[in-house]
Every structure is written in C-alpha cells, then in structure tokens.
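Tertiary structure, described
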Amino acid sequence: MKDSVYRAPKGTRDLVWPDSERRRSFIDLFAGIVSRAGYAEIVPPMFEHIEVFQRLGDGTDVVRKEMYDFEDKGGRNIALRPEQTASIVRAYAEHRPSLPWKVWYAGPNFRYERAQKGRFRQFDQVGVEALGTDDPHLDVEVIAIAWRFYEALGLRQVNLLLNSVGTSQDRTRYIEALSGYLEKRKDDLSTEAQETLVSNPLRVLDSKRNEDIGVVSEAPSILEHLSDDANSHFNRVQEGLEKLKIPYSVEPNLVRGLDYYVQTTFEFTTESIDAAQDAIGGGGRYDGLAAEMGAPATPGVGFALGLDRTLMACEAEKTFIGPEQLLQIYVVDTTGGENSLVITDQLRQNGFKVDRSFGDRSMKAQMKAADKSGAKIALIIGEDEVEKGVVTIRDLRGEEGQEEIASDSIIANLEKRLG
RNA sequence: GUGACCGUAGCUCAGCUAGGUUAGAGCACCUGUUUGUGGUCCAGGAUGUCGGGGGUUCAAAUCCCCUCGGUCACCCCA
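Note that the structure is a prediction, hence the values are computed from the model and not measured.

**What to know about the overall build of chain A**
When you go through chain A residue by residue, the secondary structure sums to 15 helices and 16 strands. Taking 2.2 N^0.38 as the reference for a compact globule, 419 residues should give roughly 22 Å; the C-alpha atoms of chain A span a radius of gyration of 28 Å, well beyond that estimate. Reported as C-alpha extents along the three principal axes, the dimensions of chain A are approximately 90 × 55 × 45 Å. For chain A, the proportion of contacts with a sequence separation of at least 24, taken over those separated by at least 6, is 69%. Accessible surface, chain A as shown: approximately 21300 Å² in total, 47% of it carbon and sulfur. Between the mean site of the 52 positive side-chain charges and the mean site of the 69 negative ones, chain A shows a separation of 3 Å.

If you want it as structure tokens, here you go:
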C-alpha cells in the first residue's frame, strides 16, 4: 500500500490458493470436455505483431484504444494479445494444418481499460476455434460445447442469445439500411450513440441508454436483410440447437464487439450477476478472417468464455466452489524432525497429500498448525512412539480419537481411513 | 477517456461532524494457563511513518489544497 511499485499493477491481481486451484480445476474441466470433441490444445504467444490484431478491424475499441502495444528492442511493433482468435487464425495461416482444424486454448489476454468488477487488464479466457467448414452443424457443435461446459460447472442461470448478421454482403447492406434509419433519427439518440453511429453503426443496437432503446426498437432488423443462404444457415443452426435441446433466444440486436463476425453470432449471459458484467462468453463465425490474415479463404467458428466472470457466476449460484483442503495429513514430530522428514517423504510417494511442521516447535504449537492446515489426520511421533516403534494417528475432524499404529502398517491404515 | 465513492494494524473497521495528553476494537498471529495433544474459554504479547506531500494552527488521523492508490459505474467487453 505504501509504494505502488510493490503492488500488482492496476487491473491485475495475484491468484492465491484456493482461487488458484479453482482456476486450474476450471481449465481441467474445460480441457476434458473439448478434448472429447476432438479439439487439440494450442498455446499461441502472448504477443504478436500489432498488425495481426489490427486485422480485427479498426471499428473496435479493443484494437483502437485498449491494446497494450510497444516497440521492442528490435524496433518491431508488438501488442499483447487482447484476445486469442486472431493469434489462432494467424497460426492457421502460418502452418496451414489439414482441415478441419479444431483447437482449444486457455490463458490470459490483455486490454488496457479502467478496471472494475469482473473486468481486469489481464484476464483469462478459455475457448475453441474450428476452421475449415461452413457446415452449420459446426456452429451448433461449438455452441453446444460451451453450453455443456456451463452445465458441467453446475450453472443453471445461463441464457444463450443467438443472432445472425448474415454474409459480409448482407452485413454491408444492412449497415447501409441501419445507418440511413439512424441518421434520420439522429436527434433522438444520445450523444454517445451519435458518436458510435459514425464509427460503428451496428454497435448502436447494443446501447443500453433509455433514449436509444426506443429508437433501436424501431430500427430495421438484420434478420430481414439476410440472403437466402444466410437464412438457411441460420435456420439449420436453430434446428440443430433444438435437436440438442439447448434453449436459446434470437436477439436481432445482438452485435458482438469484434467486427470479424459473419453469419452466426452468440453470447452467453448470466442472470446471477446483477452487475454490468453479465456477458460470460460469446462467439460466432468469422469466415473472412483467414483470408484477411493471408491464408486461403477458410471459414471458421469459435467462442471465448471469460474465466473470471464465469467463476463469479459460479459463486453467485453456489456451484463449483473451491477445493476443500490442501492436505490430508499433517505430521507432528517432537524428536527433532528426522522421523518426520522420512515419513513425510514416504507418504507423499504413496500419493497422500502431506505436510509437516518445520523448526523446533512445541507439540502444542505443532498440533495447532495441524488443525489450521485443514488436514484430517495428524501423525504424531514423539519419544514414546520411537521407543515402541509406532506412530500415533489422531483424527482431527471426527470422533475417532487416536490410536497407536505399528510403523510398518501406517500406509495401510491411512489408506483405510482416507479411502 | 468521463464520473462517484473510499484510503487508519496482516484482514474488517471505529475515531474525523464541533482539531487537544502515549491512536482503538474484533478477527488473525505468538506465548501462557496444561514441560506429549489442536478446535472452546481465560490471561498476556507483538504489529501502525492514520496512503504520500504541502498548507492552516500553539496543536492535524480529524480542517484546506495537491498527488498517488483502491472500488464501482459510464464506455467497452469476457
């Protein structure tokens, strides 16, 4: 607190146990689900040439003003990744893997923003990307994976919002129609929305301001501007979701912040967080992005889920709570520590979660530490035990009390107690 | 980038309105009551440049200004 140099930088924090372990379990659970669907892990670099991200479009704030960019010692313009889709499509363009190419990722992204609840400058996302087919069933698969993951976490209050912004031609035609309409109603819009209208008209649809909501509700709908192809794609996606019994609602005003989306776009929101940050995940199709990165035109679809926000939702729904204990066994040794040294090592080799006391502390202090550690069992070694060739096993949590066990049957006894 | 609120012990906070002797509480920590036994109780102990700088004053945690930091909201997004 004294000196800002000795604090984590603004918008970052240290994840310590149990939060650190909760994060790991979260990623493990995700990895299990996606790997069963044929997705392989990819670990792209955390920074790229800035052009890679600029390909995402200059209409997005994420690239316009939120990038951590700098010049490296070689004079290259580098940016910390604000998201991972761009890196992955760049990797695709670079390596040209065989298709379809299905990958998943987990790791931090960086955006230079004012931090607030559920919004950090370094934040973790997990996600998948699938390139190589424009089959709407792939859209469904990607959405379903996210949905099943939320279910696996135990979340029940998640909503799937679905939309189609059509092909890039549809999108362009729609933007014209929308801009025309909004220009006419410009005076009714908030000043902020009027600015957005110039930079990125689609995003006006997303405004939550009261004065804008009325204007937006009467705006032409994207769904009326879809080409036949886009329409049938969108219908197939919806049919697929219905077959899988995944509930969704079509939101014609759903506009994602990244410009590269075409056709299907979707977002997951939670009802359990009443704060502003209720968007816990989202994604869509980006059929034009690979070509943009210099690869042959290749369709793609993917999603990203915010790890921190999803865990906030878990907290609100009291599910996927953190680990209960770090330790199973705590070794107390009042004979100098050699016995503890050896037995602790043995128990660890046998798969138990074990810690011990260090320093020459009294039995009372060691027992206190054993209790505080959360361990279920204390193993006590004192002069008496050494003489008799036993150890005392004391139950710290239940009613079992304690008993002396011959040194050579400790492992069997502990296995029985701890299951 | 804009706005609001908040910075006092490791943590949560009281004290500030109407400035006045060594700045408090609870939790946590350590020790003891019990020289081989934790969790409850009791007793004792350690811990603060009252975010930083400047000003007003005989006197500032308290009033004023600046600054740094934090939180939340807008914006944007996960």
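Next comes the rest of the account.
**Quick word on unusual backbone geometry**
Following Trp-17, the chain continues to Pro-18 via a peptide bond in cis, the omega torsion being 10 degrees. Along the chain, Pro-18 turns up in the segment before α1 (19-35). A positive phi is found at Gln-263, a non-glycine position, where the angle reads about 55 degrees. For Phe-320, which is not glycine, the phi torsion reads 50 degrees and is therefore positive. Relative to the assigned elements, Phe-320 resides in the loop between α11 (307-316) and β12 (329-333). For Phe-320, a relative accessible area of 19% gives the class buried.

**Observations concerning the packing of α1 against α11**
Where α1 contacts α11, the two axes come as close as 11 Å, and the packing angle between them is 100 degrees. In terms of their interaxial angle, α1 and α11 are classed as roughly perpendicular. From α1, Arg-22, Arg-23, Phe-26 and Ile-27 reach across to α11, where they touch Leu-307, Thr-310, Leu-311, Cys-314 and Glu-315. Here the contact of α1 with α11 is built from residues that sort into 5 nonpolar, 1 polar and 3 charged.

**Some remarks on the side chain of Asn-109**
Examined against the element boundaries, Asn-109 turns out to sit in strand β5 (residues 101-110). Within the structure, the side chain of Asn-109 is placed 3.2 Å from the side chain of Arg-81, a separation counted as a polar contact. Apart from residues lying up to four places away in sequence, Asn-109 is in contact with Arg-81, Pro-82, Glu-83, Gln-84, Arg-121, Gln-122, Phe-123 and Gln-125.

**Things to note about the packing of aromatic side chains**
Considering all chains together, one arrives at 13 aromatic pairs under this definition. Centroid distance Phe-30 to Phe-303: 6.2 Å. Interplanar angle 80 degrees. Geometry classified as edge-to-face. Placement of Phe-30 in helix α1 and of Phe-303 in strand β11 (residues 300-306) is noted, with a sequence separation of 273 residues between them. Here Phe-30 matches Phe-303 in class, with each residue buried. For the ring pair Tyr-68 and Tyr-112, a centre distance of 5.4 Å and an interplane angle of 75 degrees mean the geometry is edge-to-face. Of this pair, Tyr-68 sits in the loop between α3 (61-64) and β3 (69-71) while Tyr-112 sits in the loop between β5 and β6 (122-131); the two residues are 44 residues apart in sequence, bridging distant segments of the chain.

**Examining the pattern of salt bridges**
Counted under the stated rule, the structure contains 18 salt bridges. Note that Glu-141 and Lys-102 form a salt bridge whose closest N and O atoms lie 2.9 Å from each other. With Glu-141 in helix α5 (residues 136-153) and Lys-102 in strand β5, the pair connects residues that are 39 residues apart, well separated along the chain. Here Glu-403 ties to Arg-417 by a salt bridge, and the two come within 2.7 Å at their closest N and O atoms. Taken together, the residues Glu-403 in strand β16 (residues 402-406) and Arg-417 in helix α15 (residues 410-418) connect sequence positions 14 residues apart.

**Concerning the pairing of strand β15 (residues 390-395)**
In terms of burial, β15 is a largely internal element, 5 of the 6 residues being buried. Direction of pairing for strand β14 (residues 377-381) relative to β15: antiparallel, over a ladder of 4 bridges. Bridging across to β15, Leu-379 finds its partner in Ile-393. Where β15 meets β16, 5 bridges bridge the pair, whose relative direction is antiparallel. By the bridge assignment for β16, Arg-394 is matched with Gln-402. Hairpin remark: β15 followed by β16, antiparallel, with 6 residues in the connecting loop; positive phi at Gly-401, about 70 degrees.

**Considerations on the protein's contact with RNA strand B**
In the vicinity of RNA strand B, 46 residues are found, and the nearest of them are Arg-203, Gly-257, Ala-279, Asp-384 and Leu-396. In RNA strand B, the atoms that sit within 4 Å of the protein are 54% sugar and phosphate, with bases accounting for the remainder. Note that a sugar or linking oxygen of RNA strand B is positioned 2.6 Å from one of the side-chain N or O atoms of Arg-111. Those elements that place two or more of their residues in the surface near RNA strand B are β6, β10 (279-285), α13 (363-373) and α14 (383-388). Ranked by residue count, the leading element in the surface near RNA strand B is α13, at 6 residues. When the residues that make up the surface near RNA strand B are grouped by side-chain class, the tally is 12 nonpolar, 10 polar and 24 charged.

What counts, and at which threshold
- Residues numbered from 1 in each chain as written.
- Chains lettered and ligands numbered in written order.
- Predicted model: local features only at pLDDT ≥ 70, side-chain atom pairs only at ≥ 80, totals over all residues.
- Heavy atoms only, no water.
- Helix = DSSP H or I, 4+ residues; strand = E, 2+ residues; numbered from the N terminus.
- Rg over C-alpha atoms; globule rule 2.2 N^0.38 Å.
- Contact = heavy atoms within 4.5 Å.
- Areas by Shrake-Rupley, 256 points an atom, 1.4 Å probe, with all protein chains shown as cover.
- Lys, Arg positive; Asp, Glu negative; His and termini not counted.
- Charge placed at Lys NZ, Arg CZ, Asp CG, Glu CD.
- Buried < 20%, exposed > 50% of the residue type's maximum accessible area, 1.4 Å probe, protein only.
- Axes fitted to C-alpha atoms, helices over the stretch in contact; angles between N-to-C directions.
- Parallel < 35°, antiparallel > 145°, perpendicular 65-115°, else oblique.
- Nonpolar A, V, L, I, M, F, W, Y, C, P; charged D, E, K, R; others polar.
- Polar contact = N/O pair within 3.5 Å; in protein donor to acceptor, adjacent residues only side chain to side chain.
- Phe/Tyr/Trp six-rings, centres within 6.5 Å; stacked < 30°, edge-to-face > 60°.
- Salt bridge = Lys/Arg side-chain N within 4 Å of Asp/Glu carboxyl O.
- Pairing = 2+ DSSP bridges.
- Near = heavy atom within 4 Å.

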